[in-house]
Amino acid sequence: MIHEPNGVFPAVCPLDCPDTCGLLLHKENGKIVKVTGNPDHPITQGAICNKVRNMAERVYHPERVLYPLKRVGRKGEGKFERITWDEAIQEIADRYKGLIREYGSESILPYSFYANMGILSVDGMDRRFFNRLGATRLQQGICNSAGNAGWRYTMGFGGGTSPEETVKAKLIIVWGGNLVSTNMHQIALIEKARKQGAQLVVIDVHRNRTGQRADWFIPLYPGTDAALALGMMHVLFERGLVNEAFLERYTVGHAELREHVKQYTPERVAAITGVPAESIIKLAVLYGETSPAYIHIGNGLQHHDNGGMTVRTISCLPALTGQWLVPGGGAFKSNGAYGKMNATALERPDLRPNPGARTVSMNQLGDVLLTLDPPIRALYVYCSNPAVVAPDTGKVEQGLLREDLFTVVHDLFLTDTTKYADIVLPATSSFENTDLYGSYWHHYIQLQEPVIAPQGESKSNVETFKLLAAAMGFDDDAFRDTEEDMIRQALDFKHNPYLEGVTLEKLKEQRFVKLNMEPQQTWLDHLPTPSRKIELYSATMERAGLPPLPTYVPLVEGYDGERRPGKDTPYPLMFISPPNHNFLNSTFGNVEKLKALEKGPVLQIHPEDAAARGIADGDEVTVWNDRGSYDVTASVTDKMLPGTVVSQGLWWQQEDGKRTRANALTPDRIADMGGGAVFFSTVVDVKRR
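A quick note: this is a predicted structure, and the numbers were derived from the prediction, not measured. (Residues numbered from 1 in each chain as written. Predicted model: local features only at pLDDT ≥ 70, side-chain atom pairs only at ≥ 80, totals over all residues. Heavy atoms only, no water.)

Points about the overall build of the chain
Scanning the chain from terminus to terminus reveals 26 helices and 27 strands. Taken against the 2.2 N^0.38 rule, which gives 26 Å for 689 residues, the C-alpha radius of gyration of the chain at 25 Å falls within 12% of a compact globule. Each of the three principal axes of the chain carries a C-alpha extent, and together these read 70 × 60 × 50 Å. Out of the 689 residues in the chain, the part that is buried amounts to 63%. Between the averaged position of the 73 positive side-chain charges in the chain and that of its 82 negative side-chain charges there is a distance of 1 Å. (Helix = DSSP H or I, 4+ residues; strand = E, 2+ residues; numbered from the N terminus. Rg over C-alpha atoms; globule rule 2.2 N^0.38 Å. Buried < 20%, exposed > 50% of the residue type's maximum accessible area, 1.4 Å probe, protein only. Lys, Arg positive; Asp, Glu negative; His and termini not counted. Charge placed at Lys NZ, Arg CZ, Asp CG, Glu CD.)

Put into structure tokens, the structure is as follows:
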């Protein structure tokens, strides 16, 4: 494909999105001129979002980094000079060797996430290199780890209802997710179900694009979702709307849960959540009496101090009504475990000379760079932009400004993070690489082969870490593996029966291959929980010092209907910063067409809160707390309950001097489970600028 100048070629969307769309790249004279959806993909069926439709503008962006660079100005100034790849690799290797001699290998820290979801790009040669190096480990808990941990405590396995089944549902509850912007093909399936008579209920703190589509939108205070689920359980048990036979056969702890939820009366839960008691009863009865009933758990509600427990609590609901046995019923948090690959073969932890090496949280990068002892003295950033996406970015910036911190960033652009680098390495786009893609929503594995040549002198993660390994003198066979070798190793995983029949040869022939979903038919009979059943009561949680039964735990930072801020509270508003429609985290934040569609950072504020501060629609305002400040335009709206303000999207720092990093406000505390981030457990105040 790479050598053919004209034609239409298959590709995969690399973004951190559940849909993992099949794409078609249209080439003329060796250049991608259009990106469309692949109509042959069984799930995405040719439809793609506006972000990806503009992917070619990102690939050929005039600001793309095309050559290795070395800093010549002050850190953060963004002044660099061009150097060769040989010079860059040699400088990095020499610095690493010196740091290892003087301070040990744990003075070096990799920082990455899933800006490119290719398995080889972020879970392959990079892991091998840093394992062999003996670097400090990074706990990647910034996105879904709290909710995944909560789900596993209940279900044991990171899988749920298949997307195709959801069209059979008669009731669909989207809980804490803006699927119109973040999972558009699930919305397409929901609309098919609605045409067949299904009802869509959306529960969220913000009437976003998905909430606006709902048959019934239920707003609530941030971080109170577990209380609402417990109120539903109270009604389900009280009114005899539970499936006793299912509870007896497939669960443990149902007797204890039945007694436990008596305290969560609709009246008490109404006081906590802001949802009227009659609505709580109506929702519970609707859920208990409708079948199939499907709950889609979004990403946002886990980004709280109590995020793991929230997902753990909601995940118990299908067991109460037996919906797991009904085609189209059940629930979804992530289906990533169905496509779990051979991580040991990919990452090669056996290469590590120090298996007891320390681990740090990516959510606390500022603290890690400023206070960790012994200190981090070298940072290698790839597939992430922590100066924008990490919590408490003011603290992160202070850490990145350290003159004694040797920082390498491998990226396509001079991002906010790259401006603090000592060495910048040009990265390939996903359309210039060979890579393997799974999905954490649908059940297809996909292969990407290069469609265009690397732009400028850009190199993939696989190639770059091979070069670094050679410069460090690592002669292990692991660093001689090709991309095809690594794909075969990833797919060779006898412990996952769902991978049976998925091979590189099939992928080359078909481009996307469905997992073997036959084991899903009997999964309830062999759940990997300690009891082999759905654990409504979890002894494992109890041993970990967590409540063993689903429980509402108030936020560390924040309010609910029972715990409202007093008149002297310095920061009386809850601040939520979910994704906008045209960016994906900070990706596309420099694409002018998409920036123009978003128009700039906006703060949605309730009319009551705006009036109390003398703020009118369109006013320039500052949002602030003890961590930092954020300059935005006010949009006065009643899309959320009073006391909550919402700003969608993560913006790069603008040239006009405005402070445009929403995460300057967010805390770097760790959630209750899984090492997760707590972006949405943030309190602020707002004033006119």
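Now that the structure has been shown, we can carry on.
Considering the side chain of Ser430
Considering the arrangement of structural elements, one finds Ser430 in the loop between β17 (423-426) and β18 (435-437). For Ser430, a relative accessible area of 9% puts it in the buried group. With residues up to four places along the chain from it excluded, the contact list for Ser430 reads Pro14, Asn116, Tyr437 and Gln448. (Contact = heavy atoms within 4.5 Å.)

Comments concerning the packing of helix α10 (residues 225-238) against helix α14 (residues 277-289)
One way to put it is that α10 packs onto α14 with a least axis distance of 9 Å and a crossing angle of 65 degrees. Considering only the axes of α10 and α14, their crossing is right-handed. From α10, Leu228, Gly231, Met232, Val235 and Leu236 reach across to α14, where they touch Ile280, Ile281, Leu283, Ala284, Val285, Tyr287 and Gly288. A breakdown of the residues in the contact of α10 with α14 according to their chemical character gives 10 nonpolar, 2 polar and no charged. (Axes fitted to C-alpha atoms, helices over the stretch in contact; angles between N-to-C directions. Left-handed = near helix turned anticlockwise from the far one by under 90°. Nonpolar A, V, L, I, M, F, W, Y, C, P; charged D, E, K, R; others polar.)

As for unusual backbone geometry
With an omega of 0 degrees, the peptide bond running from Ser291 to Pro292 counts as cis. Relative to the helices and strands, Pro292 is located in the loop between α14 and β12 (293-297). Here the amide bond leading from Asp373 into Pro374 is cis, since omega sits at -5 degrees, within 30 degrees of zero. By the element assignment, Pro374 lies in the loop between α18 (365-371) and β15 (378-382).

Focus on the side chain of Asn363
Along the chain, Asn363 falls in the loop between β14 (359-361) and α18. Given a relative accessible area of 0%, Asn363 falls into the buried group.

Focus on the pattern of salt bridges
This structure, assessed with the given rule, holds 47 salt bridges. One salt bridge in this structure joins Lys75 and Asp422, with 3.3 Å as the shortest N-O distance. Within this pair, whereas Lys75 is found in the loop between β4 (69-71) and β5 (80-82), its partner Asp422 is found in the loop between β16 (406-411) and β17, the two being separated by 347 residues in sequence. Residue Lys75 is classed as buried on the basis of its relative accessible area of 7%. Overall, Asp422 belongs to the buried group, its relative accessible area being 11%. (Salt bridge = Lys/Arg side-chain N within 4 Å of Asp/Glu carboxyl O.)

Observations concerning α10
Residue pairs three or four apart in sequence face the same way in an α-helix, which turns once every 3.6 residues. If you check α10, its first and last C-alpha atoms are 20 Å apart, about what 14 residues at 1.5 Å a residue would give, namely 20 Å. Counting buried positions along α10 gives 13 out of 14 residues, so the element sits mostly inside the fold. Following α10 by one or two positions, Gly240 has its phi on the positive side, about 70 degrees. (Expected span 1.5 Å × (residues − 1).)

Focus: the nonpolar core
Tyr96, Phe129, Trp175 and Leu317 are the most contacted members of the largest nonpolar core, which has 191 residues in total. In terms of residue count, α10 provides more of this core than any other element does, 9 residues in total. In contact with Tyr96, other than residues within four places in its own chain, are Ile108, Phe129, Leu133, Ala378, Tyr380, Phe406, Val408 and Met472. The next biggest cluster of nonpolar side chains, apart from the first, holds 21 residues, and it includes Val167, Leu179, Ala198 and Tyr294. (Core = buried A, V, L, I, M, F, W, Y, C linked by side-chain atoms within 4.5 Å.)

Topic: the packing of aromatic side chains
Centre-to-centre distance and the angle between the planes together describe a pair of aromatic rings. The full count for this structure, using the stated rule, is 22 aromatic pairs. Judged by centre distance (5.2 Å) and plane angle (45 degrees), the ring pair of Tyr380 and Phe465 falls under tilted. On the criterion of sequence distance, the pair formed by Tyr380 in strand β15 and Phe465 in helix α21 (residues 461-471) is long-range, its members being 85 residues apart. For the pair Tyr380 and Phe465, a shared accessibility class is recorded, and that class is buried. These aromatic residues form a ring-pair network of at least three members: Phe129, Phe130, Tyr380, Tyr382, Phe465, Phe474 and Phe479. (Phe/Tyr/Trp six-rings, centres within 6.5 Å; stacked < 30°, edge-to-face > 60°.)

What about the environment of Arg669?
Residue position: Arg669 is located in the loop between β26 (644-646) and β27 (683-688). For Arg669, the side chain forms a polar contact with the side chain of Glu557, separated by 2.7 Å. For Arg669, the side chain forms a polar contact with the main-chain oxygen of Ser681, separated by 3.1 Å. (Polar contact = N/O pair within 3.5 Å; in protein donor to acceptor, adjacent residues only side chain to side chain.)

A short note on the sheet that holds strand β9 (residues 199-204)
The strand order across the open sheet formed by 5 strands is β10-β9-β8-β12-β13, and the pairing between neighbours is parallel. The open sheet terminates on both sides in strands that have one partner only, identified here as β10 (216-219) and β13 (330-332). Averaged over all neighbouring strand pairs, the angle between strand axes comes to 15 degrees, with direction disregarded. The sheet contact formed by strand β8 (residues 171-175) and β12 spans 5 bridges and is parallel. Each bridged residue has a counterpart across the sheet, and for Leu171 the counterpart in β12 is Ala293. Docked against the sheet, α14 engages β8, β9, β10 and β12, running at close to 130 degrees with respect to β10. (Pairing = 2+ DSSP bridges.)

Considerations on the sheet that holds strand β20 (residues 512-514)
If you trace the 3 strands from one edge of the open sheet to the other, you get β18-β19-β20, paired in antiparallel fashion. Where the open sheet ends on each side, the last strands, each with one partner, are β18 and β20. For this sheet the average axis-to-axis angle between neighbouring strands, irrespective of direction, equals 20 degrees. With 3 bridges connecting them, strand β19 (residues 444-448) and β20 associate as antiparallel partners. Bridged to Tyr444 within β20 is Lys514.

With respect to the pairing of β19
Buried residues dominate β19, accounting for 5 of its 5 residues. Going residue by residue along β19, you find Tyr444, Gln446 and Gln448 tucked away on one face and Ile445 and Leu447 tucked away on the opposite face as well. The hairpin formed by β18 and β19 contains 6 residues between the paired strands.

Regarding the pairing of strand β6 (residues 108-112)
For β6, a buried count of 5 out of 5 residues is recorded, marking the element as mostly surrounded by other parts of the structure. Neither face of β6 is exposed, since Ile108, Pro110 and Ser112 on one face and Leu109 and Tyr111 on the opposite face are all buried. Here β6 pairs with β15 via 5 bridges, running parallel. Paired with Leu109 across the two strands is Leu379, which belongs to β15.

Points about the environment of Thr622
Tracing the sequence through the fold places Thr622 in strand β24 (residues 620-624). With relative accessibility at 6%, the residue Thr622 sits in the buried group. For the pair Thr622 and Arg688, spaced 66 residues apart in sequence, the C-alpha to C-alpha distance is 6.3 Å. Excluding residues that lie within four positions of it along the chain, Thr622 makes contacts with Ser629, Tyr630, Asp631, Arg659, Asp685, Val686, Lys687 and Arg689.

In short, geometric facts, not functional conclusions.
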